[in-house]
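Structural overview
The chain contents come next:
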Amino acid sequence: MKSLYDDYYLRLLAYVNKILADPHHAEDVVQETMLRAWQHADSLTPERGSVWGWLTRVAHNIAIDRIRARRARPTEVDEAAGTASGEYDADHADAVVNRVVVAKMVSRLTPGHRSVLYEVYFADSTATKAARSLGIPPGTVKSRLHHALRNLKTTMDPRSRDIYNSRR
């Protein structure tokens, strides 16, 4: 095995690196190839072909399998962090905090306002459909929705509360 490494490791590494263009993955492929050579040492005889030919064929197959596997699976989080893609939000803590704050604010609404808000925004109903679902007139749905949204806005932005109060 030592002579196999001494004779072929560097050449095989250069060969695989040309295929993968990644020295770290190339080293992994060469290590896997050498492991398979050790497992099939009895078949590495001059009568069955050159050792170099066997090593390059096995290394080539392993490298191609890795390329295919990389293309077949979705991009991993660590790989996406290095891209300029807008799909990956490196720090989603703000979004989590916003969701918690909004959920808490909605929970403080009166049950009537909360149910109208749910029907119109979360169930994607029209005022008429929400009115039928809740058993109230469409005008009441519109009024409650207006008051619920105004309440949320003034709760979120203290400046709006000051403006609203100054108009009274």
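Refer to the structure above for everything that follows.
All of the points below concern the structure found in this document. (Residues numbered from 1 in each chain as written. Predicted model: local features only at pLDDT ≥ 70, side-chain atom pairs only at ≥ 80, totals over all residues. Heavy atoms only, no water.)

The relative placement of two aromatic rings is captured by the distance of their centres and the angle of their planes. For the structure shown, the criterion picks out two aromatic pairs. Their ring planes at 20° and their centres at 6.0 Å tell us that tyrosine 8 and tryptophan 52 sit as a pair that is stacked. Taken together, the residues span a long stretch of sequence, with tyrosine 8 in helix H1 (residues 2-20) and tryptophan 52 in helix H3 (residues 51-72) at a distance of 44 residues. A centroid spacing of 6.5 Å and a plane angle of 70° characterise the contact between tyrosine 15 and tryptophan 52, whose relative ring orientation is edge-to-face. Of this pair, tyrosine 15 sits in helix H1 while tryptophan 52 sits in helix H3; the two residues are 37 residues apart in sequence, bridging distant segments of the chain. Looking at tyrosine 15, the relative accessible area reads 28%, which means it is partly exposed. Judged by relative accessible area, tryptophan 52 falls into the partly exposed class, the value being 24%. Through a chain of ring-to-ring contacts, the aromatic side chains of Tyr8, Tyr15 and Trp52 assemble into a single cluster. (Phe/Tyr/Trp six-rings, centres within 6.5 Å; stacked < 30°, edge-to-face > 60°. Helix = DSSP H or I, 4+ residues; strand = E, 2+ residues; numbered from the N terminus. Buried < 20%, exposed > 50% of the residue type's maximum accessible area, 1.4 Å probe, protein only.)

On to the packing of H1 against helix H2 (residues 23-39). Look at H1 against H2: their axes get within 8 Å of each other, and the N-to-C directions meet at 135°. On the basis of the axis angle, H1 is oblique to H2. Read as a crossing pair, H1 and H2 show a hand that is right-handed. Contacts between H1 and H2 involve Leu4, Tyr5, Tyr8, Tyr9, Leu12, Leu13, Val16, Asn17 and Leu20 from the former and Pro23, His25, Ala26, Glu27, Val29, Val30, Gln31, Thr33, Met34 and Ala37 from the latter. Its residues assigned to classes, the contact of H1 with H2 shows 14 nonpolar, four polar and one charged. (Axes fitted to C-alpha atoms, helices over the stretch in contact; angles between N-to-C directions. Parallel < 35°, antiparallel > 145°, perpendicular 65-115°, else oblique. Left-handed = near helix turned anticlockwise from the far one by under 90°. Contact = heavy atoms within 4.5 Å. Nonpolar A, V, L, I, M, F, W, Y, C, P; charged D, E, K, R; others polar.)

What follows covers the packing of H1 against H3. Two elements in contact, H1 and H3, have axes whose closest approach is 10 Å; the angle formed by their N-to-C orientations is 35°. As for the relative orientation of H1 and H3, their crossing is right-handed in sense. Facing Leu4, Tyr8, Arg11, Leu12, Tyr15, Val16, Ile19 and Leu20 of H1, the residues of H3 in contact are Val51, Trp52, Leu55, Thr56, Ala59, His60, Ala63, Ile64, Ile67 and Arg70. Grouping the constituent residues of the contact of H1 with H3 by class yields 14 nonpolar, two polar and two charged.

By themselves these figures say nothing about function.
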